[in-house]
There are 2 protein chains.
Amino acid sequence: MPNKNDVIRLSRYRNALVRLRALNFVKVFCDNLADATGVSAAQVRKDFSTFDISQNSRGGYDVKELLKRLNKILNKDTTHEFIEVGAGNLGKALLRYPGFARSGIKIVACFDVDPDKYDRQAEIPVLPIEELDDFVREHQIRFGIISTPDVAAQQVLVRMISAGIKGVLNFASIYLRGPEDCVINNINLESEIENIVYFVNLAEKSK
Amino acid sequence: MPNKNDVIRLSRYRNALVRLRALNFVKVFCDNLADATGVSAAQVRKDFSTFDISQNSRGGYDVKELLKRLNKILNKDTTHEFIEVGAGNLGKALLRYPGFARSGIKIVACFDVDPDKYDRQAEIPVLPIEELDDFVREHQIRFGIISTPDVAAQQVLVRMISAGIKGVLNFASIYLRGPEDCVINNINLESEIENIVYFVNLAEKSK
């Protein structure tokens, strides 16, 4: 079964293909995708074998066909509806993030505890957190984004899961875990930055 | 040599310790940290051995001592100055992100190509991109954040590196690579979301 990193590489190949198509590429080879995404050609071949993607009989891949195939594997053919909890700075920026629409992601509502943030008329309405459960059930939403302060994150996760959410992208810097049938991706910006600082300092010490 | 995931786990232990200290914990065991961060106790022990962190003679770890040690390894004792390029929605949200200050990260200036965004009087000034090189050299900045549209990201990276930046956190959805002596962390929000969608769909299909 593929793991998280396998799927992330697949996303990268897809993004590279979109750009290559814009450059009028008709055919690509594993080496092209390797160059464009920073992995080895052997890795590309291995991934394509994992996901059962086969070459043309004459070698190489047809760009449009391959893109269609990757879109299908990555479920890009359908739009996926998300809710978001937390309408602070980061939450508001995510509501406007153009990459989501490009990815077939649609945030349909945001929830918050702060009445000053409520806005039912907005294109993406900001609603009281108390309405989350009904909204998720009624619209059969399966995906959520947590962009609350750390202290609220665990409680929000519990609420999301009990309403029926199955996949969560968490931006709070607390590491969240859920039940087995729930997928949680934790994005910890502080850790990412600590990482960069660590490795830059390490490189400078070893000079 | 530790890899990226090792350092990310170390960050997680540190974040858990900060919370345990707030709960008046004086002593912790590997099992406590494992529970709080979702890894196995064996992994915690292995990580502590990698980073040369040893137990008390009576078993367990003193919370304050361990925190001091992790802070030192993760370079949290000093403030690290960052510049950011791209003052759009995401860029502006990052300028206000409270987690950075908490992590000893200080964004000292932001750069953009759009004169409408310039703001020299702001607490974190937004300056013309042409001033980046001089600013970075003058203030000896080593770290940068890219929050530009995808098409600009590669060019911004080249500019940062030539000015002397050694570590970059990239939020554009194009995968960036730099020279060997430069550390780049690519955060691709679209990929993260694609990942969640993929695994939730996979789980539902296999039901």
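Because the structure is a prediction, the values reported are computed rather than measured.

Engineer: Quick one: what's the story with the pattern of salt bridges, residue by residue and with numbers?
Structural biologist: A complete count under the given rule lists 22 salt bridges over all chains for this structure. Among the ionic pairs, B:Glu131 bridges to B:Arg120, the shortest N-O distance being 2.5 Å. Of this pair, B:Glu131 sits in the loop between strand 5 (126-128) and helix 7 (132-139) while B:Arg120 sits in the loop between strand 4 (105-112) and strand 5, and the two are 11 residues apart along the sequence. Taken together, the shared-partner salt bridges connect A:Asp6, A:Arg9 and A:Asp47 into one network.

Engineer: Outline the sheet that holds strand 6 (residues 143-146) of chain B, supporting the account with residue identities and numerical values.
Structural biologist: Residue and element names in this part refer to chain B. Pairing in this open sheet of six strands is parallel, and the strands run 5-4-3-6-7-8 from one edge to the other. Both edges of this open sheet fall to strand 5 and strand 8 (183-186), since each of them pairs with a single strand only. Averaged over all adjacent pairs, the angle separating strand axes in this sheet is 25 degrees, with direction ignored. Lying on the sheet, helix 8 (residues 150-163) is in contact with strand 3 (80-85), strand 6, strand 7 (167-170) and strand 8; it crosses strand 6 at an angle near 170 degrees.

Engineer: Pulling in residues and values, what's your account of the domain arrangement of chain A?
Structural biologist: Buried accessible area, meaning the area lost when the parts come together, often serves as the stated size of an interface. Domain assignment breaks chain A into domain 1 (4-73) and domain 2 (80-191). For domain 1 of chain A and domain 2 of chain A, the distance between their C-alpha centres works out to 31 Å.

Engineer: How would you explain the interface of chain A and chain B if you had to name every residue and give the values?
Structural biologist: At the interface, 66 residues of chain A touch 66 residues of chain B. For the pairing of chain A and chain B, the buried interface totals around 6200 Å² over both sides, and the portion due to carbon and sulfur atoms is 60%. A per-residue breakdown of the area chain A buries against chain B is headed by A:Glu194, A:Ile196 and A:Tyr198, which together make up 11% of the total. The shortest N-O distance in the salt bridge between A:Glu204 and B:Arg142 comes to 2.3 Å. For the pair chain A and chain B, the interface holds 22 residue pairs in polar contact (both at pLDDT 80 or more). Broken down by element, the side of chain A that touches chain B gets its largest block of residues, 16 residues, from helix 9 (residues 189-205) of chain A. Of the residues assigned to the side of chain A that touches chain B, the class counts are 32 nonpolar, 17 polar and 17 charged.

Cut-offs and rules
Residues numbered from 1 in each chain as written. Chains lettered and ligands numbered in written order. Predicted model: local features only at pLDDT ≥ 70, side-chain atom pairs only at ≥ 80, totals over all residues. Heavy atoms only, no water. Salt bridge = Lys/Arg side-chain N within 4 Å of Asp/Glu carboxyl O. Helix = DSSP H or I, 4+ residues; strand = E, 2+ residues; numbered from the N terminus. Pairing = 2+ DSSP bridges. Axes fitted to C-alpha atoms, helices over the stretch in contact; angles between N-to-C directions. Contact = heavy atoms within 4.5 Å. Domains from an automatic or database assignment. Buried area = accessible area lost by both parts, 1.4 Å probe. Polar contact = N/O pair within 3.5 Å; in protein donor to acceptor, adjacent residues only side chain to side chain. Nonpolar A, V, L, I, M, F, W, Y, C, P; charged D, E, K, R; others polar.

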